[in-house]
Amino acid sequence: MFCIHCGTDVGDTAKFCRKCGKPVSRPGAAGNTSNGASVPGSAAGASAAINQQKYQQLRMMAQSSAQRLAVCPGYYCFKCGCYVERARAAHYGDIKCHQCGAPIINPNMLSHAGTTLLKYGFIGSLVVAASEAADYTNPENYILNYYKSIYYEQNKYPFETVATDKGKMGEYLVDVGYQQFKRIYPQFKTYIFYNLLVPEPNGSFQEIDAVIVFGAFVFVIEAKNRGGYFAKCNLSDKYWSFRPFGGQTQNIYNPFLQNNEHIAALQHYLDQQEGMDFSPVFANYVTLAGNANLDWNQEGDTIDQLLIGDWRITNVGGLGAALTMEFAGFAEDMRTQSDDEPNCYDDKYAQQTIKALMPLINMSEDVKKAKMRDRMDSDGDFGKRAYQYFYIEVEECMPYLFRTNWIHEQIIGPGSIRWKPGYDQVEIVDNRTLRWREHKTQKVRWYKIESYTELLEAYECVKQCETYDYHGKYDDNSGSNNRGSQGGSSRRGSGNSGSGGASTGDPIKEAVNMFFSGCDDITSLNSRYRSLCKVFHPDGGNGDEETFKKMQAAYESLKEKMSA
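Not measured: the values here are computed from a predicted model.

### Things to note about the side chain of Gln410
Right, so step 1: Relative to the elements of secondary structure, Gln410 occurs in strand S16 (residues 409-412).
Right, so step 2: Side chain to side chain, Gln410 and Arg403 meet in a polar contact 2.7 Å long.

### Points about the confidence of the model for the chain
Right, so step 1: Model confidence for the chain is summarised by a mean pLDDT of 78, while 74% of its residues fall at 70 or above.
Right, so step 2: Taking the mean pLDDT of every element in the chain, the minimum, 34, falls on strand S23 (residues 490-492) and the maximum, 96, on strand S5 (residues 191-199).
Right, so step 3: Residue range residues 27-38 is modelled with pLDDT below 50. Its contacts to residues more than four positions away, or to other chains, number 30 contacts.
Right, so step 4: For residues 46-50, every residue scores under 50 in pLDDT, and the model assigns this stretch 8 contacts once sequence neighbours within four places are set aside.

### Quick word on the packing of helix H8 (residues 166-184) against helix H11 (residues 319-336)
Right, so step 1: Two numbers describe how H8 lies on H11: the axes approach to 7 Å, and their chain directions differ by 40 degrees. Considering the angle they form, H8 stands oblique to H11. Here H8 and H11 pass one another in a crossing that is right-handed. Contacts between H8 and H11 pair Val174, Gly177, Tyr178, Gln180, Phe181 and Ile184 from the former with Leu319, Gly320, Leu323, Thr324 and Phe327 from the latter.
Right, so step 2: For the contact of H8 with H11, the residue count by class is 7 nonpolar, 4 polar and no charged.

### Some words on unusual backbone geometry
Right, so step 1: One non-glycine residue, Trp406, lies in the positive phi region at around 70 degrees.
Right, so step 2: Mapped onto the elements, Trp406 comes out in the loop between strand S15 (398-404) and S16.
Right, so step 3: A relative accessible area of 15% places Trp406 in the buried class.
Right, so step 4: Here the phi dihedral of Cys465 falls at roughly 60 degrees; this positive angle occurs in a residue that is not glycine.
Right, so step 5: Within the secondary structure, Cys465 sits in the loop between helix H14 (452-463) and strand S21 (467-469).
Right, so step 6: A relative accessible area of 44% means that Cys465 is categorised as partly exposed.

### Focus on a negative patch on the surface
Right, so step 1: Together, Asp333, Asp339, Asp340 and Glu341 line one region of the surface with negative charge.
Right, so step 2: Structurally, Asp333 can be placed in helix H11.
Right, so step 3: Overall, the relative accessible area of 33% leaves Asp333 in the partly exposed class.

### Overview of the pattern of salt bridges
Right, so step 1: Per the counting criterion, the structure on display carries 10 salt bridges.
Right, so step 2: With a shortest N-O distance of 3.6 Å, Asp165 and Lys168 are connected by a salt bridge.
Right, so step 3: Since its relative accessible area comes to 28%, Asp165 is described here as partly exposed.
Right, so step 4: Of the charged contacts, one joins Arg312 and Glu326 as a salt bridge, the two residues approaching to 3.2 Å between their closest N and O atoms. Of this pair, Arg312 sits in strand S13 (residues 311-315) while Glu326 sits in helix H11, and the two are 14 residues apart along the sequence.
Right, so step 5: Using a relative accessible area of 16% as the deciding quantity, one classes Glu326 as buried.
Right, so step 6: Among the charged side chains, a salt-bridge network with shared partners connects Glu200, Glu261 and Arg385.

### Let's talk about empty space enclosed by the protein
Space left empty within the atom packing is revealed by a probe, the size of a water molecule, rolled over the atoms.
Right, so step 1: In total, this model carries 1 cavity of 30 Å³ or more according to the counting rule given.
Right, so step 2: Volume-wise, the largest cavity comes out at about 60 Å³.
Right, so step 3: Every residue lining the largest cavity is listed: Tyr83, Val84, Glu85, Arg88, Ala89, Asp94, Lys96, Cys97, His98 and Ile104.
Right, so step 4: At the level of secondary structure, the elements contributing two or more residues to the lining of the largest cavity comprise strand S4 (83-85) and helix H3 (86-92).
Right, so step 5: Residue contributions to the lining of the largest cavity peak at 3 residues, all from S4.

### Topic: the pairing of strand S10 (residues 250-253)
Right, so step 1: Across 4 bridges, strand S9 (residues 239-244) lies against S10 in antiparallel orientation. Opposite Ser241, over in S10, you have Asn251 as the bridge partner.
Right, so step 2: Where S9 hands over to S10, the hairpin turn is made up of 5 residues, of which Gly246 adopts a positive phi near 75 degrees.

### Structural notes on the pairing of strand S7 (residues 217-225)
Right, so step 1: Among the 9 residues of S7, 9 are classified as buried, and the element is accordingly described as predominantly covered.
Right, so step 2: Residues Phe217, Phe219, Ile221, Ala223 and Asn225 of S7 are buried on one face, and the alternating residues Val218, Val220, Glu222 and Lys224, pointing to the opposite face, are buried as well.
Right, so step 3: In this sheet, S7 lies alongside strand S6 (residues 205-214) in antiparallel orientation, the contact comprising 5 bridges. Looking at the pairing, Ala210 lines up with Ile221 of S7.

### With respect to the packing of helix H9 (residues 255-271) against helix H12 (residues 347-361)
Right, so step 1: Between H9 and H12, the shortest axis-to-axis distance is 10 Å and the interhelical angle comes to 110 degrees. In terms of orientation, H9 lies roughly perpendicular with respect to H12. For the pair formed by H9 and H12, the contact residues are Leu266, Tyr269 and Leu270 on the first element and Thr353, Ala356, Leu357, Pro359 and Leu360 on the second.
Right, so step 2: In terms of residue class, the contact of H9 with H12 is built from 7 nonpolar, 1 polar and no charged.

### Things to note about the state of the cysteines
Right, so step 1: Across all of its chains, the model carries 0 disulfides by this definition.
Right, so step 2: Summary of cysteine pairing: Cys97 is not part of a disulfide, and the nearest cysteine sulfur, belonging to Cys100, is at 3.8 Å.
Right, so step 3: What makes Cys97 buried here is its relative accessible area of 6%.
Right, so step 4: The cysteine Cys100 is free of any disulfide, with Cys77 supplying the nearest cysteine sulfur at 3.5 Å.

### Observations concerning the layout of surface pockets
Right, so step 1: If you add up the space inside the second largest pocket, you get close to 930 Å³.
Right, so step 2: What lines the second largest pocket is a set of 28 residues, among which Glu171, Glu207, Asp209, Met372 and Arg375 lie closest to the centre.
Right, so step 3: Take the lining of the second largest pocket: its biggest share by element is 6 residues, from helix H13 (residues 365-377).
Right, so step 4: Tallied by class, residues from the lining of the second largest pocket come to 8 nonpolar, 6 polar and 14 charged.

### Examining the sheet that holds S5
Right, so step 1: With respect to topology, 5 strands assemble into an open sheet ordered S5-S6-S7-S11-S13, the strand pairing being mixed. In the strand order of this sheet, the two ends are held by S5 and S13, each with one partner. The sheet shows a mean angle of 30 degrees between the axes of neighbouring strands, direction not considered.
Right, so step 2: Contacts from H12 reach S5, S6 and S7, with the element oriented near 50 degrees to S5.

Cut-off values and rules
Residues numbered from 1 in each chain as written. Predicted model: local features only at pLDDT ≥ 70, side-chain atom pairs only at ≥ 80, totals over all residues. Heavy atoms only, no water. Helix = DSSP H or I, 4+ residues; strand = E, 2+ residues; numbered from the N terminus. Polar contact = N/O pair within 3.5 Å; in protein donor to acceptor, adjacent residues only side chain to side chain. pLDDT = per-residue confidence, 0-100. Contact = heavy atoms within 4.5 Å. Axes fitted to C-alpha atoms, helices over the stretch in contact; angles between N-to-C directions. Parallel < 35°, antiparallel > 145°, perpendicular 65-115°, else oblique. Left-handed = near helix turned anticlockwise from the far one by under 90°. Nonpolar A, V, L, I, M, F, W, Y, C, P; charged D, E, K, R; others polar. Buried < 20%, exposed > 50% of the residue type's maximum accessible area, 1.4 Å probe, protein only. Patch = residues over 30% accessible without salt bridge, like charges linked within 9 Å, V, L, I, M, F, W, Y side chains within 5 Å. Areas by Shrake-Rupley, 256 points an atom, 1.4 Å probe, with all protein chains shown as cover. Salt bridge = Lys/Arg side-chain N within 4 Å of Asp/Glu carboxyl O. Lys, Arg positive; Asp, Glu negative; His and termini not counted. Charge placed at Lys NZ, Arg CZ, Asp CG, Glu CD. 1 Å grid on protein atoms, 1.4 Å probe; cavity = no way out; pocket = protein on both sides within 12 Å on 5 of 7 lines; lining within 4 Å. Points joined across faces, edges and corners; volume = space filled by probe spheres on them. Pairing = 2+ DSSP bridges. Disulfide = S-S within 2.5 Å.

If you want it as structure tokens, here you go:
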């Protein structure tokens, strides 16, 4: 930090300048406000008018950061997140980021002039120089915007620290997208928080990059700063194939699954806090900085919804647009909502959530660093835990879908479509045995789900408040499961009969009934087909060629009939 009176570097903690003796004014000391109340994380405080004295100090901080970055071998671009290597830029005479066109901090102008002269000649180089001067933006203005951001307000990292750290730059670019959205929808009372360490039931924690709170909604954001291409794969696959620019293809852990653990930890934490009289609705957001690209069609299906929740994925330049589209839907819903409907957009829900999060928001940087060091020194799994899924039937009439990775527990109740904390209903006892907590005298049946097909069928039954008959494959009152007969399955309840009945004698019809029951249009057929391919394709780890051929024949037959 610099003295605003004489410009002397006084450090980050000084109250008086050691040279001129005058008091040092600290940026952001007034706090962050929203509608007159001091609320950390609100956009109003970060965008409030900064008086001239503070502006001068922020300008000097931006200049100092630019000077320090000038001697670094490279940094991550403040607009797209790509790495700007000074040696490469000097070799090619670049003065702008080769990915997004943002101005390079302190470029090699001599090299640029020489390159331009060789390429365009003397007259041409003059024209190019005039054109570049007309649209040139001083990179210090971008750095100044950083020092006025909510991200800086909450973390107080110098810009040079952020610019030389891939992860921190990815987080800051989330703030850039958030501010773009707020300029379009300033009327929404939204709040954003960064770098929350959320405790888990086993004593570990999950590190969340960013959280946006709005009404009863919580958007959990995982920021990935990677330059390259994500090759074609399924959204819910454990690993994604990634090829860096100019590098070799590698597998990275699915950021949706990683963020799913963040959501489970945050969901459990909020469920345990006093004053929370509602269950927030969570969204799983992944932002890709570093100019990363997706090389596959981002279509999802019911399986993806069950495995990773309500998801969105975008590169960092599209985050503002994605949030804008999300809140445009909220605005339309609020406009048409009747007065007697529950208002899930009410700010009272956001205030409950923020109050519950305050211990995490106020956690000091030293405490966070200590926790991170302890985790690095331990043999923890860093959240890469596989879930096991169970169908539960209580008193032969109440169906539930339950999942656990033996740390977190989530459940979908009758008629519901979203995962909620399951700690009050299910208890994990020794040897990974599950026990129903409520009314222990009740008759409870458990079934361990072994495939996506079973998961889809069980989910549909729970959603429609129907029970699911696995033909004696239950294990009463125990979390263990006796697979028993591998016969077909059928729905019962509500007077509906389903697949798995007597044989028709036609193998194609039997396969249609087995694999595609309930698919009454081409869209649902294709969605079911994609889900089944994940399970039965011979190239998969658990694939079966014969079953896949039967399923494929049934799909082609049914598709031909629907297309006729």
